[in-house]
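Topology and contacts: notes
Now for the letters of each chain:
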Amino acid sequence: MTSTPAPTAQPTEGYFDTVRRLSSAQKTATRGAPAYSVYVNRRVGRYIAAGAYRKGLSPNNVTAISAGFTFCAIGLLAIGEPSWLLGITVWLLLAVGYAFDSADGQVARLRGGGSASGEWLDHVIDAIKISTLHLAVLITAFTHFAFTDPALLLVPIGFTAVAAVSFFAMILNDLLKAKHAPLAPPSTARRTVLRSLLGVPTDYGVLCLAFVLLGAPPLFFGVYAVLFVANALYLALALAKWFRDMTALGGVGATQP
């Protein structure tokens, strides 16, 4: 089901009026959402969304632009010679793609709501992105990094699995909550700055920034490996919590008429 496209911004509404209107309609950040995504990427995405909305771009247009930047970065990472210039280029392309990824949903809110097809497209592109990015690291590590132990190539392979499972589990969480506890009250837990800062190692924006270090492969791979371990530990803890949440939802669903 698709929503009826909303008209573009009224001529009397200025760009910063649109930004303020979007800010007031901004959805609440997920509890524990990491700092870069909340305090940097979402705000940058807000300015992009306001501009895209005023230009009459649809959420799907913005999603396509996001995919263009992101997949250009992944392609360069896979085929390029590691260098400081390549690292900075990959980071900038990924960061811009991430900002547009935040903007597409904000454009949908400005237009009065998104569509099932738009949400599907956004999730599919995200699923491709999170796996192929780490596979590109695997390719460049195998091709260009002088490893004394080939077992180190298991790091990007493991990161691919961790990223894919994390994404799937979070999407599944939302689907099951909507199915089994549609009338359950929303969580009253608040997002805190400390919680956001603790989540920094799991932040996609921080992963993007790590690629700046491609000019120094040992340093880059060391940082990348630390991020992998942090994400794997976070996922292990999160899976246990999410399973408890799903168990509680089963109880809620059983009591509903």
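Everything below is about the structure shown above.
These notes cover the structure that comes with them.

The rules behind these values
Residues numbered from 1 in each chain as written. Predicted model: local features only at pLDDT ≥ 70, side-chain atom pairs only at ≥ 80, totals over all residues. Heavy atoms only, no water. Core = buried A, V, L, I, M, F, W, Y, C linked by side-chain atoms within 4.5 Å. Buried < 20%, exposed > 50% of the residue type's maximum accessible area, 1.4 Å probe, protein only. Helix = DSSP H or I, 4+ residues; strand = E, 2+ residues; numbered from the N terminus. Contact = heavy atoms within 4.5 Å. Salt bridge = Lys/Arg side-chain N within 4 Å of Asp/Glu carboxyl O. Patch = residues over 30% accessible without salt bridge, like charges linked within 9 Å, V, L, I, M, F, W, Y side chains within 5 Å. Areas by Shrake-Rupley, 256 points an atom, 1.4 Å probe, with all protein chains shown as cover.

1. Observations concerning the nonpolar core
- Within the largest apolar cluster, 33 residues are counted, with the highest numbers of intra-cluster contacts made by Leu 77, Leu 94, Leu 133, Leu 207, Phe 211, Phe 220 and Tyr 224.
- Tallying contributions element by element places helix α9 (residues 217-255) first for this core, with 8 residues.
- Each residue touching Tyr 224, except ones within four places of it in the same chain, is listed here: His 134, Val 137, Val 155, Pro 156, Phe 159 and Leu 207.
- Counting residues in hydrophobic clusters, the runner-up holds 9 residues, among them Ala 49, Ala 52, Phe 100 and Ala 103.

2. Comments concerning the pattern of salt bridges
- A full pass over the atoms with the stated rule returns 3 salt bridges.
- Between Asp 101 and Lys 129 there is a salt bridge, with its nearest N and O atoms 3.6 Å apart. Of the two residues, Asp 101 is situated in helix α4 (residues 84-110) and Lys 129 in helix α5 (residues 116-144); the sequence distance between them amounts to 28 residues. The same class applies to Asp 101 and to Lys 129, which are both buried.
- Overlapping salt bridges, with partners in common, bring together Asp 101, Asp 126 and Lys 129 in one network.

3. Some remarks on a nonpolar patch on the surface
- Residues Ile 65, Phe 69 and Val 96 make up a contiguous nonpolar surface patch of about 180 Å² in total accessible area.
- With respect to the element layout, Phe 69 can be found in helix α3 (residues 59-79).

4. Thoughts on the side chain of Lys 129
- On the basis of relative accessibility, which here comes to 6%, the residue Lys 129 falls in the buried class.
- Ignoring anything within four residues of it in the chain, the contact list for Lys 129 reads Thr 70, Phe 71, Ile 74, Asp 101 and Tyr 204.

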